[in-house]
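# Structural features, examined
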Amino acid sequence: MGQSAEFGKFLKAMRSRLRPENAGLASSSAGRRVHGLRREEVARLADVSTDYYTRLEQGRNIHPSRAVLESVARALRLDPGELAHMIDLIENCANTRRPPIPGQTVRPELRQLLGAVGNVPALVLGRRSDVLAGNRLAFLLLADFPAMPAAERNLTRWIFLDPLARDLFQDWPSIASEAAGSLRVDIGRHPNDAQANQLVGELAVCSEQFRQWWAGHRVATGSAGSIRLRHPVVGDLELNSEDLTPRDDPDQVLRVYSAKPGSPSADSLTMLGSLGAEETAVTDTSRSPESEDASGAANAT
C-alpha cells in the first residue's frame, strides 16, 4: 500500500470533528487551540507513537498495516463506510499508475428490468453518479436527463447546480450533502478519474455548499433511505429509495423509488405515470469518457 495526501487530509478532518469527551478523554478546554482531538491524543488512543501518527496525517510515504488502520479508525470513531474509504485512499493513491478507466454501459438485461418496473421510477447510476439509464417515470419525477448534453447527465451535478432540484427536494440540504459524500467515496475508489476530478472542480467553483461539505470529507455509503418531494405537477410525495448493485459492475447502482401502497404518494406516482404514457419506456443515457460529445440518448426497447 502507498500513501496519499488525501489520506492525510481525511485523517485531519476526522480528528477535527471528534470532541475529547466523545473519545473517552477528559474534557479540558483550557489551552486547547485545535478543534477536536490533538494528534498525540489520537496516537495514544490508537496505540501508536505520536511521530508515527503525525507522519500518517502529513501524507508521508509510509505503509501502515491493516491492523494499524483499524486501530486508528477506532480511535477516530469511524463507521464501517468511513473505514472502507480510508483504506481506499491508501490503496488507490492518485499517483499510482493504473490503466485508463473504461466507459460504462448498461447491460440489455438491466435495461429490460428498468422497463419491467415501469410503474416505479428507476435509474441506473454509474461512477460519479452519471445517469446511465432510466425509465420514463424516473425522468418525469426528477429531470429529463436524456435531453441534457451528455456531459451534464449527472445526478450530483443536477442536484447542486439546477435551481429546479432545490425546489423539488423538500430536504435539499440533506440530499445534497449525501450526494457530495457519495462522490467522495467514488473519488477514493478512482482517484485518477479525470471526469470525476473535473466534476469536483466545477461544483467547488459554482456551489458554496459543496465547497463546505467537500472540505469536511464527509463519506456517504447508505443504500436505502427516503425522500420528500414537492413535484410541480403532482404535488407532495414521500418515497422510499433503494440502491441495488449489479454483481458484474460494482460501480453501477440500480436506484428504485417506491411509495407505500395505498398512500397519497402512490396515487401521485400513478397520476404521474399516466402522463405521456405512449412514450418509450426506457432510455439509455450512457456515455464513455472517450466520447464526451456523444449524440443524444438512444432509446431502448
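In this report, we go over the structure that sits alongside the text. (Residues numbered from 1 in each chain as written. Predicted model: local features only at pLDDT ≥ 70, side-chain atom pairs only at ≥ 80, totals over all residues. Heavy atoms only, no water.)

Quick look at the overall build of the protein chain now. Counting its secondary structure elements, the protein chain contains 13 helices and seven strands. Burial status across the protein chain gives 50% buried among its 301 residues. Put simply, the protein chain shows about 15000 Å² of open surface, and 50% of that area lies on carbon and sulfur atoms. (Helix = DSSP H or I, 4+ residues; strand = E, 2+ residues; numbered from the N terminus. Buried < 20%, exposed > 50% of the residue type's maximum accessible area, 1.4 Å probe, protein only. Areas by Shrake-Rupley, 256 points an atom, 1.4 Å probe, with all protein chains shown as cover.)

With the rule as written, the count across this model stands at 19 salt bridges. With its nearest N and O atoms 3.2 Å apart, the salt bridge here joins Glu 6 to Arg 184. Here Glu 6, found in helix α1 (residues 5-17), pairs with Arg 184, found in helix α10 (residues 172-189); they are 178 residues apart in sequence, far enough to count as distant. A residue is classified by how much of its surface remains accessible, and Arg 184, at 4% relative accessible area, is buried. Connected via shared salt-bridge partners are Glu 6, Lys 9 and Arg 184. (Salt bridge = Lys/Arg side-chain N within 4 Å of Asp/Glu carboxyl O.)

A word on the packing of aromatic side chains. Taken as a whole and assessed by the stated rule, the structure comprises eight aromatic pairs. In textbook terms, an aromatic cluster arises when at least three aromatic residues are bridged by ring pairs, as seen for Phe 160, Trp 172, Phe 210, Trp 213 and Trp 214. Here the basic side chain of Arg 184 rests over the ring of Trp 214, its NZ or CZ set 3.7 Å away from the ring centre. (Phe/Tyr/Trp six-rings, centres within 6.5 Å; stacked < 30°, edge-to-face > 60°. Lys NZ or Arg CZ within 6 Å of the ring centre and 35° of its normal.)

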